[in-house]
Amino acid sequence: MRTEKHEAFDKSSVIGNYLGIYFGQEQGVRLGESTVVSRKAHAVVPGKKGHIRILTNRDAGRTYEKFIDPDQVVHIDVFHKPGTVDARQVAKHVFWAIEKYLVEENPNLTFMEDEKFKNALDYALRIQVSTRSGKGLVYELFQGEVKPVSEEEEKLSHVHMLAKLNPEKYGIILPIAEAVEDAVTEAGLELVKVKKISHGREKEKQENFAGYLMLPWKKAKGEYHPLLLRENQNQLILKLAEKFASIEEIEEFLESYSSNIFKRKNQDEQKRKWGDLDHYLDQLKELGLIKNNLLGPVLTREGKELKEYLLNHKCELEAEIRRKIRKAPGTSRRYQKLGKCDYKPSRVEFTNRNKAVRLSDKNWSGDLAVPETIIEAKKNSLLRGDNHLTIQKEDLHVYDRKSYVPIDVCLVIDASHSMAGEKRQAACYLAEHLLLTGREKVAVVTFQEMNATVAVPFTRNHKILSKGLARIRPGGLTPMADGIFTAVELIKSSKVSNPLMILITDGMPNFPLWSFDAKKDALEAAEKVAEAKIKFICIGIESNKIFLRDVAKQAKGTLYIVDDLNRECLIDIVKYEKKATGVM
């Protein structure tokens with residue numbers, strides 16, 4: 001005879017399977033009477049009480065978390081009447097529901113508290129809760145840590161949740177939704193019935209959606225205003241730079257829509273480099289900068305003016321783009337660190353000519369600060385009653401000394417087919433950010449097809465870096481061993497300080513270097529990193545964790561597992577590593 005627990009678990013599993021089917025068809029569903037679940041963004045239809053619209057062109061992960069890959073995040077909204085629900089209480093109910101579900105899934109966990117908590121923690125670090133009172137991951141909120149919400153989020157009339165779940169984990173969704181409803185009821189609020197769910201695309205005009213340009217002007221009454229364009233061309237180009245990162249790439253993008261067929265790029269080549277551009281094209285068409293003709297999308301007269309403006313004001317626009325790249329994005333902290341590196345960098349001392357100190361036994365070897373010494377001697381000669389200027393030992397000043405840890409970075413970037421688009425852009429953005437915010441050199445090695453290439457040798461020159469990055473066009477196989485080995489050889493042949501190798505990949509090696517086993521060769525190449533005493537970190541995704549952990553171990557380095565290879569996450573990890581090393 002089946003127990004009540006088994007029946008509850010079976011119900012959750014069956015619903016989880018159905019959710020996978022609906023999500024695969026780009027649809028959302030209602031659970032119970034008050035909960036809406038999908039992998040898309042949701043919107044309340046104005047003036048229609050209880051009517052929720054699933055925005056089929058708004059992936060939840062991309063919209064709310066700036067993820068690159070779609071279909072990673074499940075969006076759960078539990079609607080209630082006006083009032084405030086404590087996000088911490090919601091998190092407690094969710095955590096307890098997770099533990100209960102895990103025991104129903106595996107009754108043996110009843111007697112294995114540590115294992116049960118570990119499994120529950122894995123879920124708690126993947127689920128984010130937002131209410132009018134605050135937001136945070138379930139684990140953070142359960143510990144009492146609450147992040148403030150924005151002014152827009154303060155108007156929430158529902159509990160908003162984002163859960164990074166694989167399809168095989170969808171069985172947990174029903175228990176989570178029921179737990180949130182219990183928390184709302186416990187808070188003394190009444191649940192609101194969702195009467196209707198509809199599906200449709202949302203126009204590109206809401207500022208809170210990721211990937212939208214948020215352009216600073218629009219058409220008025222169907223007429224085009226060229227003066228508005230001229231006043232805002234800088235803003236448009238800088239918005240495009242958020243996607244393309246450099247003036248050269250914006251220029252290349254616009255050239256793709258030239259009326260000259262010999263200068264145009266086909267869509268496949270565009271996607272290899274920049275990813276999906278449809279929503280950018282739609283907005284440029286709305287602005288009258290691009291139109292359709294027999295050749296496909298082409299620049300209009302105003303579009304050509306924009307391109308001409310870009311060429312004529314290249315220097316100041318490049319300076320502004322560099323300023324934006326220097327700004328570090330908000331912290332991500334959505335990563336898991338595995339392994340520990342015992343690498344000890346060497347420090348470099350230099351003279352600080354902005355600060356002079358009195359000579360002492362500790363700093364006797366410093367550079368003599370002549371102006372400060374003369375001034376001090378003049379003053380002391382008067383106090384001593386000397387007939388003329390005399391310099392005594394107590395008058396001597398030397399320049400202070402500072403020290404820092406220089407770290408020259410070699411980025412080893414997977415340029416296989418799966419890294420096309422946003423992932424490539426994120427890795428390139430990291431390279432530029434490192435060069436523009438530090439004093440050290442940056443190099444870039446890419447691996448794709450059947451070999452690796454030094455895209456950028458060690459340099460401090462931003463133009464050299466930009467030109468090298470612009471030539472990266474992902475495609476083909478993943479020769480990881482050659483990528484790592486080429487980077488080791490580059491570092492050994494270059495004059496570098498405290499070299500740091502950063503491997504960025506979303507895949508597994510599938511083309512060998514020395515043998516017929518691509519994975520074995522990658523591990524052997526990683527050993528050479530350790531032999532050369534190069535500090536090593538690898539940034540990869542969950543599905544490849546086991547193998548990448550072995551790569552990091554062979555290199556005596558550290559592995560970071562991330563939800564998504566976006567620029568915020570990459571920059572956050574490298575900043576953390578440099579700070580831990582003593583650079584920042």
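Residues numbered from 1 in each chain as written. Predicted model: local features only at pLDDT ≥ 70, side-chain atom pairs only at ≥ 80, totals over all residues. Heavy atoms only, no water.

What about the overall build of the protein chain?
If you tally the helices and strands in the protein chain, you get 19 helices and 20 strands. Buried residues in the protein chain amount to 50% of all 584 residues. For the protein chain, the proportion of contacts with a sequence separation of at least 24, taken over those separated by at least 6, is 72%. As presented, the protein chain carries roughly 29,300 Å² of accessible surface, and 50% of it is formed by carbon and sulfur atoms. (Helix = DSSP H or I, 4+ residues; strand = E, 2+ residues; numbered from the N terminus. Buried < 20%, exposed > 50% of the residue type's maximum accessible area, 1.4 Å probe, protein only. Contact = heavy atoms within 4.5 Å. Areas by Shrake-Rupley, 256 points an atom, 1.4 Å probe, with all protein chains shown as cover.)

Notes on the packing of aromatic side chains
Within this structure, the stated rule accounts for five aromatic pairs. Ring centres 5.4 Å apart and planes at 75° place the aromatic pair Phe23 and Tyr170 in the edge-to-face group. Of the two residues, Phe23 sits in helix α1 (residues 4-24) while Tyr170 sits in the loop between β8 (158-164) and α6 (173-186), which places them 147 residues apart along the sequence. Taken individually, Phe23 and Tyr170 each receive the classification buried, so the pair is uniform in this respect. With centroids separated by 6.1 Å and ring planes inclined at 55°, the aromatic side chains of Phe95 and Phe117 adopt a geometry described as tilted. On the criterion of sequence distance, the pair formed by Phe95 in helix α3 (residues 87-105) and Phe117 in helix α4 (residues 113-124) is long-range, its members being 22 residues apart. (Phe/Tyr/Trp six-rings, centres within 6.5 Å; stacked < 30°, edge-to-face > 60°.)

Side note on a negative patch on the surface
Taken together, Asp276, Asp278, Asp282 and Glu286 make up a surface patch of like negative charges. Within the secondary structure layout, Asp278 lies in helix α10 (residues 278-286). A relative accessible area of 45% places Asp278 in the partly exposed class. (Patch = residues over 30% accessible without salt bridge, like charges linked within 9 Å, V, L, I, M, F, W, Y side chains within 5 Å. Salt bridge = Lys/Arg side-chain N within 4 Å of Asp/Glu carboxyl O. Lys, Arg positive; Asp, Glu negative; His and termini not counted. Charge placed at Lys NZ, Arg CZ, Asp CG, Glu CD.)

Structural notes on a nonpolar patch on the surface
Taken together, the side chains of Leu368, Val370, Ile374, Leu389 and Ile391 make up a nonpolar region of the molecular surface, amounting to roughly 420 Å² of accessible area. Counting through the fold element by element, Val370 comes out in helix α13 (residues 370-384). Residue classification places Val370 among the partly exposed positions, given a relative accessible area of 45%.

Thoughts on the packing of α3 against α6
In contact at an axis separation of 8 Å, α3 and α6 are set at 145° when each is read in the N-to-C sense. In this structure, the crossing between α3 and α6 has a hand that is right-handed. Facing α3, whose interface residues are Gln89, Val90, His93, Val94, Ala97 and Tyr101, α6 presents Pro175, Ile176, Ala179, Val180, Asp182, Ala183 and Glu186. (Axes fitted to C-alpha atoms, helices over the stretch in contact; angles between N-to-C directions. Left-handed = near helix turned anticlockwise from the far one by under 90°.)

Description of the packing of helix α8 (residues 247-255) against helix α12 (residues 314-326)
Relative orientation and spacing of two packed helices are given, respectively, by the angle between their axes and the distance between those axes. The N-to-C vectors of α8 and α12 enclose an angle of 115°; their axes lie 10 Å apart at closest approach. Side by side, α8 and α12 meet where Ile247, Glu248 and Glu251 of the first sit next to Lys314, Leu317, Glu318 and Ile321 of the second. When its residues are assigned to classes, the contact of α8 with α12 shows three nonpolar, no polar and four charged. (Nonpolar A, V, L, I, M, F, W, Y, C, P; charged D, E, K, R; others polar.)

Thoughts on the pairing of strand β4 (residues 51-59)
Burial within β4 is extensive, with seven of its nine residues counted as buried. Of the pairings in the sheet, the one linking strand β3 (residues 40-44) to β4 comprises five bridges and is antiparallel in character. Along β4, the bridge assignment pairs Ala41 with Leu55. Counting the residues in the hairpin turn of β3 and β4 gives six residues, including Gly47, whose phi is positive at 75°. Where β4 and strand β9 (residues 196-200) come together, five bridges link them in parallel fashion. When the sheet's bridge partners are listed, Ile52 is paired in β9 with Ile197. (Pairing = 2+ DSSP bridges.)

Quick word on the sheet that holds β9
What the three strands build is an open sheet, ordered β3-β4-β9; its pairing is mixed. Single-partner strands in this sheet number two, and they are β3 and β9. Across this sheet, the average inter-strand angle for adjacent strands is 30°, counted without regard to direction.

Things to note about the sheet that holds strand β2 (residues 35-38)
Reading across the sheet, the six strands line up as β1-β2-β5-β8-β6-β7 and stay open at both edges, with antiparallel pairing between neighbours. One side of each edge strand has no neighbouring strand; the edge strands of this open sheet are β1 (29-31) and β7 (134-137). If you compare each strand with its neighbour and ignore which way they point, the axes differ by 20° on average. Contacting β1, β2, β5 (73-79), β6 (127-131) and β8, α6 runs over the sheet at an angle of about 30° to β5.

Regarding the pattern of salt bridges
Close approach of charged atoms allows side chains of opposite charge to pair. Counted by the stated rule, this structure contains 23 salt bridges. Arg88 is the partner of Asp86 in a salt bridge, and the nearest nitrogen-oxygen pair spans 3.1 Å. Here the salt bridges do not stand alone but share partners, grouping Asp122, Arg126, Glu542 and Lys545 into one network.

So, empty space enclosed by the protein
Over the atoms, a rolled probe matching the size of one water molecule traces out where space is still vacant. Evaluated as defined, the whole model comprises four cavities of 30 Å³ or more. What the largest cavity holds in volume is close to 70 Å³. Contributing to the lining of the largest cavity are Phe244, Ala245, Ser246, Glu249, Arg424, Gln425, Cys428, Tyr429, Glu432, Ser466 and Leu469. Put simply, the parts of the chain that give the lining of the largest cavity at least two residues each are α14 (422-437) and α15 (462-470). Here the residues of the lining of the largest cavity are counted per class, giving five nonpolar, three polar and three charged. (1 Å grid on protein atoms, 1.4 Å probe; cavity = no way out; pocket = protein on both sides within 12 Å on 5 of 7 lines; lining within 4 Å. Points joined across faces, edges and corners; volume = space filled by probe spheres on them.)

What about unusual backbone geometry?
In this structure, Asp71 is a non-glycine residue whose phi angle is positive, near 65°. Along the chain, Asp71 falls in the loop between α2 (60-65) and β5. Despite not being glycine, Glu449 shows a phi value in the positive range, around 55°. Checked against the element boundaries, Glu449 lands in the loop between β16 (442-448) and β17 (451-459). You can call Glu449 partly exposed: its relative accessible area is 38%.

Some thoughts on the nonpolar core
Ranked by internal contacts, the top residues of the largest apolar core, which has 65 residues, are Ile250, Phe253, Leu411, Val444, Ile502, Ile504 and Ile539. For this core, the element with the most residues is α14, which contributes nine residues. Once residues within four sequence positions are removed from consideration, Ile250 is found in contact with Ile237, Leu240, Ala241, Phe244 and Leu310. Core analysis: the second largest hydrophobic core is formed by 39 residues, Ile76, Ala87, Ala177 and Ala183 among them. (Core = buried A, V, L, I, M, F, W, Y, C linked by side-chain atoms within 4.5 Å.)

Describing α8
Counted residue by residue, α8 has seven buried out of nine residues, so it is predominantly covered. Within the span of α8, buried status applies to Ile247, Glu249, Ile250, Glu252, Phe253, Leu254 and Glu255.

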